[in-house]
Amino acid sequence: MGKTTKIEWTDSSWNPIRAHNLKTGRVGWYCEHATTGCEHCYAERLNTAFGTGLPFKPGHRKDVEIFLDGMMLTAPLRWKKPSMVFVCSMTDLFADFVKDEWIEQIFAAMLETEHRFQVLTKRPERMNRWVKEWLAGISPNLLENIWLGVSCERQEEADERIPLLLDTPATIRFVSAEPLLGPINFGCQGCGTVSDAHKIWCTVLKRAPTVGIDWVIVGGESGSGNRLMEPAWARSIRDQCNEAGVAFFMKQMQGKRKIPDDLMVREWPIPIPEKYPVML
Ligand code: SF4
């Protein structure tokens, strides 16, 4: 399968979690806002126009039946060309309305194919817990084709979510700083008096053999009502990545602004380390 999505950092998206509007019968997707980064959710706009017709603001769970779409679940098995696949671009795989057994079936489906899957969440607590429990009985090498990532829009979310990502067994870990709504300091600045969370950060961009961030995506908010992204915030992240040898991908500026030449860096696909063991 070739490129089938407009999202620049992947080849295609895959959405086996679907929803059915109980009043209108329309089928689409379901999610619930989790954080300020969700305020102008692109998936919500698509769902309102082309899916169930319902917004993703909490309060609509009773209006839908959320289900695992069996045909969609097995779709990657039918894609001939190995691709990079963004998993659940229209929802959050680790939201509490997604049943454990569905997550298990989705992970099992991913492991059956040659594709590389990118799982991105704003709910890393559950991802951390779930992946550890699931892997407990099987070889950690099985996760080689599944990349795990968290979205972080500001320092606050980064401080909360990245330590959880780092504590989650994965071959490749990535951060999506989109929509970027404030500066983010990823790394060790020679700090001495820092929180526990920040101490963990000090290793983040240093790329210790088994613990580190491999890839950072940055993007401003798009669509109507888009919020400020100072180019300086993106430049700072680019420079931090450069310094630490971490791949960087500049997806977009705020609104329809053009990406300045110096920020037009798009490292993708990133090199996969030959031997990069997962630590349980
Ligand atoms: S978690 Fe993702 S899909 Fe769900 S509301 Fe937030 S931005 Fe949208």
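Just so you know, these numbers come straight off a predicted model, no measurement behind them.

A separate point is the overall build of the chain. Along the chain, the regular secondary structure elements total 8 helices and 10 strands. Out of the 280 residues in the chain, the part that is buried amounts to 53%. Sequence separation of 24 or more characterises 74% of the internal contacts of the chain that already satisfy a separation of 6 or more. For the chain, the exposed area adds up to about 12,700 Å²; of that, 54% sits on carbon and sulfur atoms.

Time to look at the site of the ligand. The environment of the ligand is formed by Cys31, Glu32, His33, Cys38, Cys41, Phe56, Thr91, Lys122 and Arg123. For the ligand, the cavity whose grid points lie within 2 Å of the majority of its atoms is the largest pocket. Here the residues of the shell around the ligand are counted per class, giving 4 nonpolar, 2 polar and 3 charged.

As a further point, take the sheet that holds strand β1 (residues 12–14). By definition, the strands of a sheet pair up through backbone hydrogen bonds, in either a parallel or an antiparallel sense. With respect to topology, 7 strands assemble into an open sheet ordered β1-β5-β6-β7-β8-β9-β10, the strand pairing being parallel. Because the sheet does not close on itself, it has two edges, and the strands there are β1 and β10 (247–252). Between one strand axis and the next, the sheet turns by 25 degrees as a mean value, whatever way the strands run. In the sheet, strand β6 (residues 116–121) pairs with strand β7 (residues 146–151) via 5 bridges, with the strands oriented parallel. Residue pairing for β7: Leu120 is matched across the bridge by Gly149. Strands in contact with helix α4 (residues 100–111) are β1, β5 (84–87), β6 and β7; relative to β7, the strand with the most contacts, it is inclined by about 130 degrees.

This part covers the pattern of salt bridges. On inspection of all chains with the given rule, the structure shows 19 salt bridges. Arg227 is the partner of Glu39 in a salt bridge, and the nearest nitrogen-oxygen pair spans 3.5 Å. Of this pair, Glu39 sits in the loop between β3 (27–28) and α1 (42–50) while Arg227 sits in the loop between β9 (215–219) and α8 (231–244); the two residues are 188 residues apart in sequence, bridging distant segments of the chain. Note on Glu39: relative accessible area 42%, which makes it partly exposed. Residue classification places Arg227 among the buried positions, given a relative accessible area of 18%. Put simply, Lys62 and Asp63 hold a salt bridge, and the shortest N to O gap is 3.7 Å.

Counting 66 residues, the largest nonpolar core has Trp14, Leu93, Phe107, Val218 and Ile237 as its most contacted members. Element by element, the count of residues in this core is highest for α4, at 6 residues. With residues up to four places along the chain from it excluded, the contact list for Val218 reads Ala177, Leu180, Met229, Ala234, Ile237, Phe248, Phe249, Met250, Lys251 and Gln252. Formed by 13 residues, the second largest nonpolar core is a distinct cluster that contains Trp9, Trp215, Ala247 and Phe249.

This part takes up the packing of aromatic side chains. For the structure on display, the rule yields 13 aromatic pairs. Between the aromatic rings of Phe107 and Trp134, the centroid separation amounts to 5.2 Å while the plane-to-plane angle is 65 degrees, which identifies the pairing as edge-to-face. Residue Phe107 is located in helix α4, and its partner Trp134 is located in helix α5 (residues 124–135); the two are separated by 27 residues in the primary sequence. A relative accessible area of 0% means that Phe107 is categorised as buried. Accessibility expressed as a relative area gives 17% for Trp134, which makes it buried. Ring centres 5.3 Å apart and planes at 20 degrees place the aromatic pair Trp130 and Trp134 in the stacked group. Here Trp130 and its partner Trp134 are both found in helix α5, 4 residues apart, which amounts to about one turn of the helix. Relative accessible area serves as the criterion here: at 7%, Trp130 is assigned to the buried category. Grouping aromatic residues by their ring pairs yields a cluster made of Trp9, Phe86, Trp147, Phe174, Trp215 and Phe249.

On β5, burial covers both faces: Met84 and Phe86 on one face and Val85 and Val87 on the other are all buried. Here β1 runs beside β5; their pairing, made up of 3 bridges, is parallel. Bridge pairing in β5 links Ser13 to Phe86. The pairing of β5 with β6 spans 4 bridges and is classified as parallel.

Rules used in this analysis
Residues numbered from 1 in each chain as written. Predicted model: local features only at pLDDT ≥ 70, side-chain atom pairs only at ≥ 80, totals over all residues. Heavy atoms only, no water. Helix = DSSP H or I, 4+ residues; strand = E, 2+ residues; numbered from the N terminus. Buried < 20%, exposed > 50% of the residue type's maximum accessible area, 1.4 Å probe, protein only. Contact = heavy atoms within 4.5 Å. Areas by Shrake-Rupley, 256 points an atom, 1.4 Å probe, with all protein chains shown as cover. Near = heavy atom within 4 Å. 1 Å grid on protein atoms, 1.4 Å probe; cavity = no way out; pocket = protein on both sides within 12 Å on 5 of 7 lines; lining within 4 Å. Sits in = over half its atoms within 2 Å of the grid points. Nonpolar A, V, L, I, M, F, W, Y, C, P; charged D, E, K, R; others polar. Pairing = 2+ DSSP bridges. Axes fitted to C-alpha atoms, helices over the stretch in contact; angles between N-to-C directions. Salt bridge = Lys/Arg side-chain N within 4 Å of Asp/Glu carboxyl O. Core = buried A, V, L, I, M, F, W, Y, C linked by side-chain atoms within 4.5 Å. Phe/Tyr/Trp six-rings, centres within 6.5 Å; stacked < 30°, edge-to-face > 60°.

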